[in-house]
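One-letter residues, chain by chain:
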Amino acid sequence: MWWQLRAAGYLFSGAIRGMAQYRADVVFTVLAGMFYQVTTFLAVWVILARFQAVAGWGIKEIALLYGMRVFSHGLWVLPLNQMHQLSRYVQEGTFDRFLVRPVNPLVQLMFTRVRFNALGDLLGGVTLMIAGLCMVHIDWTVWKVIYLVLGVIAGAMVEAGIQLALSSLSFRFVKAARARYTVDDLFNMFGNYPARMFGSVGMWTLTLIPVTFVAYLPATVLLDRVGAEGIPSIIAYLSPIVGPMVFISGYAIWMSRLRDYSSTGN
Amino acid sequence: MAYLGMRFKETWAYRIEILMWVLKPMLQLILLATVWRAVYNGHSSMDGVPLVVMTTYVSLSAMHTLLMQDNMPDWVEERVRDGLIGADMLRPMSLLEQVVWGSVSQVIMKLVLLVFVIPVAAIFSGLTPPAAIGPYLVAALLGWMINTCLMMLMSAVVFWTLEMGGMTFLYYTISGFLSGALVPLWFMPGWLAGIIGALPFQATVYTPVAIYVGQIGGGAAWQAIGVQGIWLVLLAALVALVWRSAERRVVVQGG
């Protein structure tokens, strides 16, 4: 474990030095990421400026939900965004190099190169979440503070686990990255809205996928709306447990697919 | 024509990926139709706009957005970086024409793919027949042409920076909102609709779709088409200007 961390440190500092050449590009992509979150939220804001509420959620509550979702998203993308290189590494045979080194291949994948694009999501998400928290009325207790922190981390773990499992398809299929992007789109689009609006069939489908665990269920608990949303309260309260569960399963799938991996033979 | 065939083959090589592209507009139109149904909250009409107009609007705007996404910036970036642009410039056809034919081959492919999107739109969102078919087709064509000009302007940036980076992403983000694809201009606050109305992006998606659903009708439709025409002339002139100096830059670099 200790060796893995040290190796990660070495790789990371090397990657940082490599990236320093593209300073302007880094700033630009961070801004682009932040701008993306701002404009998509702007669309919701414009709708709610005219119609006040969607499925009983006003703009303040949605700001909180949206902020938590984007924060969680940034939290997993920041360390794991190099997943998108996996297809290419497998295709070019670069991945074989990871396997002969005595460091966990996932750690190598994460830190051989780094990108800070997700900082934009992180900053946008935190800002929106804090704005939401300031505007809504929450009866704060110590438990709720802990719940908020755990909820955001668990939300990141849900997405990371799913994406990790899907990325393992790249060991078999060259074009598998597309499937991952489509699922990411699904989370980006449907995760930011109160799921009740999709009707009970839609809500249960999104809970199974499990989109609602990322932000909707934790936000519902924080806002004391569990009863009003028509979800069994046990599922809502226990939502932070689902994060680690999904992440561990995702990692297990990734490792088991890795065992079946055979080089493209470069 | 032979060149178009070549670009077709290039596009055809990516057919599986293009097939995956249609999933995003499908998700988008289902999501937006749900949002609008939820905000209408059982009312069949809001501000004189029937719900079915809104669901048709989001269906159509998702399809138009799909038609306007194009790999032109990536293509130009790759050609410039690998130096292939030098060989492209030796062709008897101008560089600009080659880029346009590339877009034509993609839009034809995507028009065919709409076969998959239309039933999804009809079932999960809403799709009424067009209020005025003639003006709609004219506006749709002009909208696509304006978008192609905007893409060409953006792609030209690579001749100076050699790196598109987040630029393409930023463009899609900005145009996604400013084109009216997410929220139609009639539901925007006055000041915002004023700003967006003065920009060319709304002429790409909002104008044709609003004509389709009849929110812009009669004489107003032809007036909106006139505005599109003015944008097209202005942008096309700008494209010609920018690309001429871009091509000169390639010569300076030595290809």
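Look a little higher up for the structure.
On a predicted model such as this, the values are computed, not experimentally measured, just so you know.

Student: Would you take a moment to explain the overall build of chain A for this structure?
Tutor: Counting secondary structure elements, chain A contains 14 helices and zero strands. Along chain A, helices and strands appear, N-terminal first, in the series α-α-α-α-α-α-α-α-α-α-α-α-α-α. Computed over C-alpha atoms, the radius of gyration of chain A comes to 20 Å, within 12% of the 18 Å expected from 2.2 N^0.38 for 266 residues, which places it in the range of a compact globule. Dimensions along the principal axes, computed over C-alpha positions, put chain A at roughly 60 × 40 × 35 Å. Counting all 266 residues of chain A, 39% fall into the buried class. Excluding contacts between residues fewer than 6 apart, the proportion of contacts in chain A whose partners are at least 24 apart in sequence is 81%.

Student: Explanation requested: the interface of chain B and chain A in the structure shown.
Tutor: The figure often quoted for interface size is the accessible area lost as the parts come together. Of the residues lining the interface, 26 residues belong to chain B; the matching set on chain A comes to 26 residues. Mapped by element, the contributors of at least two residues to the side of chain B that touches chain A are helix 2 (15-21), helix 3 (23-40) and helix 10 (167-178) of chain B. Ranked by residue count, the leading element in the side of chain B that touches chain A is helix 3 of chain B, at nine residues. Here the residues of the side of chain B that touches chain A are counted per class, giving 18 nonpolar, five polar and three charged.

Student: How should helix 14 (residues 239-259) of chain A be read in this particular structure?
Tutor: At 3.6 residues per turn, the α-helix brings residues three or four places apart onto the same side. Residue and element names in this part refer to chain A. With 21 residues, helix 14 should reach 30 Å at 1.5 Å per residue; the first-to-last C-alpha distance of 31 Å fits that figure. Listing the buried residues of helix 14 in full gives Ser 239, Pro 240, Val 242, Gly 243, Val 246, Phe 247, Gly 250 and Trp 254. Along the axis of helix 14, the buried positions cluster into a sector of 145°, meaning they face one direction only. Residues of helix 14 that are exposed and point over 90 degrees away from its buried face: Ile 241, Ile 248, Ser 256 and Arg 259.

Student: Honestly, the environment of B:Thr204 in this entry has me stumped. Any pointers?
Tutor: Residue and element names in this part refer to chain B. Locating Thr 204 in the fold gives a position in the loop between helix 11 (190-197) and helix 12 (206-213). By C-beta crowding, Thr 204 is classed as buried, having 31 other C-beta atoms within 10 Å. On a C-alpha basis, the gap between Thr 204 and Leu 95 in space is 24 Å, while along the polypeptide they are 109 residues apart. Ignoring anything within four residues of it in the chain, the contact list for Thr 204 reads Met 68, Gly 143, Ile 146, Asn 147 and Ser 179.

Student: Help me out: how do you make sense of the environment of B:Val35 in this one?
Tutor: By secondary structure assignment, the location of B:Val35 is in helix 3. When the C-alpha positions of B:Val35 and B:Leu66 are compared, they lie 20 Å apart, and in sequence the two are 31 residues distant. With sequence-adjacent residues up to four places away left out, B:Val35 is seen in contact with A:Ile47, A:Val54 and A:Tyr193.

Calculation criteria
Residues numbered from 1 in each chain as written. Chains lettered and ligands numbered in written order. Predicted model: local features only at pLDDT ≥ 70, side-chain atom pairs only at ≥ 80, totals over all residues. Helix = DSSP H or I, 4+ residues; strand = E, 2+ residues; numbered from the N terminus. Rg over C-alpha atoms; globule rule 2.2 N^0.38 Å. Buried ≥ 20, exposed ≤ 12 C-beta atoms within 10 Å, placed from the backbone. Contact = placed C-beta atoms within 7 Å. Nonpolar A, V, L, I, M, F, W, Y, C, P; charged D, E, K, R; others polar. Expected span 1.5 Å × (residues − 1). Arc of directions from axis to C-beta.

So far we have only geometry, and geometry alone does not tell us how the molecule works.
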